[in-house]
Amino acid sequence: MAESRRRPNDLVLLALGPVLAAAYAAANYAAIRAGVRAEIAGPGWEGGRPGAGEMTALGADTWQLTWWTALFAGIMAVAYVVLGALLRRRGRGRTPLMVLSGVLIVPYALAFFVALLNPVHVLPGLYESPDFAAGVPGWQVATPLIVLAGGLAQAVGMTMAASTGRRAARAGVEPAR
């Protein structure tokens, strides 16, 4: 009886992964746009003004690397949502799903590592563009924590989903959705 009244918090935690991957991309996009504006306004800028919505070469390269990182983290996060939903079932076969989730943590950690390297701060040094680096907001260095928070929320959600499925299998009922 108490089990049927419980909210599916595990699914909420699992869904945070893709949402936070998108938030990571959005936050970095805003920071990159600020860096591009500072690069164009700086004394070292030699090119013409880019059109509306366009970026400089540094901005485009930085955004591309950040976008691919967010996309990769998002794909891993969606995989964890699917695995978590499958773990909630009362049927058998949860062990291979848990093994697969353990294997998928490696690419998820790789996405976090790339985010931690922070291409928004590394690439301006390679391009020798101090104006871009000076224009990036100070809060941008914390954006890799968004990817970390998504991964941790999903880890807790996976654990909760596995225990929900285990309890449902023992009781012989489907868990609440």
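Preceding this section is the structure that the text describes.
Residues numbered from 1 in each chain as written. Predicted model: local features only at pLDDT ≥ 70, side-chain atom pairs only at ≥ 80, totals over all residues. Heavy atoms only, no water.

Novice: Which parts of the structure should I look at to understand the overall build of the protein?
Specialist: Along its length, the protein carries seven helices and zero strands. Tracing the protein from N to C terminus, the helices and strands come up as α-α-α-α-α-α-α. Sorting the 177 residues of the protein into buried and exposed places 38% on the buried side. Looking at the protein alone, contacts between residues at least 24 apart form 82% of all its contacts between residues at least 6 apart. (Helix = DSSP H or I, 4+ residues; strand = E, 2+ residues; numbered from the N terminus. Buried < 20%, exposed > 50% of the residue type's maximum accessible area, 1.4 Å probe, protein only. Contact = heavy atoms within 4.5 Å.)

Novice: Teacher, can you tell me more about the nonpolar core here?
Specialist: Within soluble globular proteins, side chains that are nonpolar generally end up buried alongside one another. Counting residues in hydrophobic clusters, the biggest one holds 20 residues, and the most contacted among them are L87, Y108, V147 and M158. Only α2 (9–41), α3 (57–87), α4 (94–117) and α7 (144–171) provide two or more residues apiece to this core. Among the elements that line this core, the one with the most residues is α3, at seven residues. Those residues in contact with V147 that lie beyond four places of it in its chain are Y24, A73, Y108, F112 and A115. V36, M55, F132 and V136 belong to the second largest nonpolar core, which has 10 residues in total. (Core = buried A, V, L, I, M, F, W, Y, C linked by side-chain atoms within 4.5 Å.)

Novice: Teacher, can you tell me more about the packing of α2 against α3 here?
Specialist: Any two packed helices are characterised by how steeply their axes cross, that is the angle between the axes, and by the distance between the axes. Following both chains from N to C, one finds α2 and α3 inclined at 175°, their axes separated by 8 Å at the closest point. Put simply, α2 runs roughly antiparallel to α3. Of the residues belonging to the contact of α2 with α3, the class tally is 19 nonpolar, eight polar and one charged. (Axes fitted to C-alpha atoms, helices over the stretch in contact; angles between N-to-C directions. Parallel < 35°, antiparallel > 145°, perpendicular 65-115°, else oblique. Nonpolar A, V, L, I, M, F, W, Y, C, P; charged D, E, K, R; others polar.)

Novice: Please explain a nonpolar patch on the surface as it appears in this structure.
Specialist: Nonpolar side chains collect at one region of the surface, where W67, W68, L71 and I75 lie side by side and expose about 390 Å² of accessible area between them. Structurally, the position occupied by W68 is in helix α3. For W68, a relative accessible area of 48% corresponds to the partly exposed category. (Patch = residues over 30% accessible without salt bridge, like charges linked within 9 Å, V, L, I, M, F, W, Y side chains within 5 Å. Areas by Shrake-Rupley, 256 points an atom, 1.4 Å probe, with all protein chains shown as cover. Salt bridge = Lys/Arg side-chain N within 4 Å of Asp/Glu carboxyl O.)

Novice: What's the story with the pattern of salt bridges in this structure? I'm lost.
Specialist: Opposite charge on two side chains permits them to pair, given that their charged atoms come into close proximity. One pass over the structure, following the stated rule, counts one salt bridge. Between R88 and D10 there is a salt bridge, with the nearest N and O atoms lying 2.8 Å from each other. Here D10 lies in helix α2 and R88 lies in the loop between α3 and α4, a separation of 78 residues in the sequence. Residue classification places R88 among the buried positions, given a relative accessible area of 4%.

Novice: Hey, could you run me through the packing of α3 against α4 in this one?
Specialist: Running from N to C, α3 and α4 point in directions that differ by 160°, and their axes come no closer than 9 Å. The pairing of α3 with α4 is recorded here as roughly antiparallel in orientation. In terms of crossing hand, the pair formed by α3 and α4 is left-handed. The segment α3 lies against α4, with T69, F72, A73, M76, A77, A79, Y80, L83, L86 and L87 engaging R94, L97, M98, L100, S101, L104, I105, P107, Y108, A111, V114 and A115. Class assignment of the residues belonging to the contact of α3 with α4 gives a composition of 19 nonpolar, two polar and one charged. (Left-handed = near helix turned anticlockwise from the far one by under 90°.)

Novice: Can you help me understand the environment of A134 in this one?
Specialist: Along the chain, the position of A134 falls in helix α6 (residues 130–135). Looking at A134, the relative accessible area reads 67%, which means it is exposed. Along the primary structure A134 and G35 are separated by 99 residues, whereas in three dimensions their C-alpha atoms are 7.2 Å apart.

Novice: Just checking my understanding: could you explain the side chain of T56 for this structure?
Specialist: Take T56: it is sitting in the loop between α2 and α3. Among the polar contacts listed, one links the side chain of T56 to the side chain of E39, at a separation of 2.6 Å. Apart from residues lying up to four places away in sequence, T56 is in contact with V36, E39, I40 and W45. (Polar contact = N/O pair within 3.5 Å; in protein donor to acceptor, adjacent residues only side chain to side chain.)

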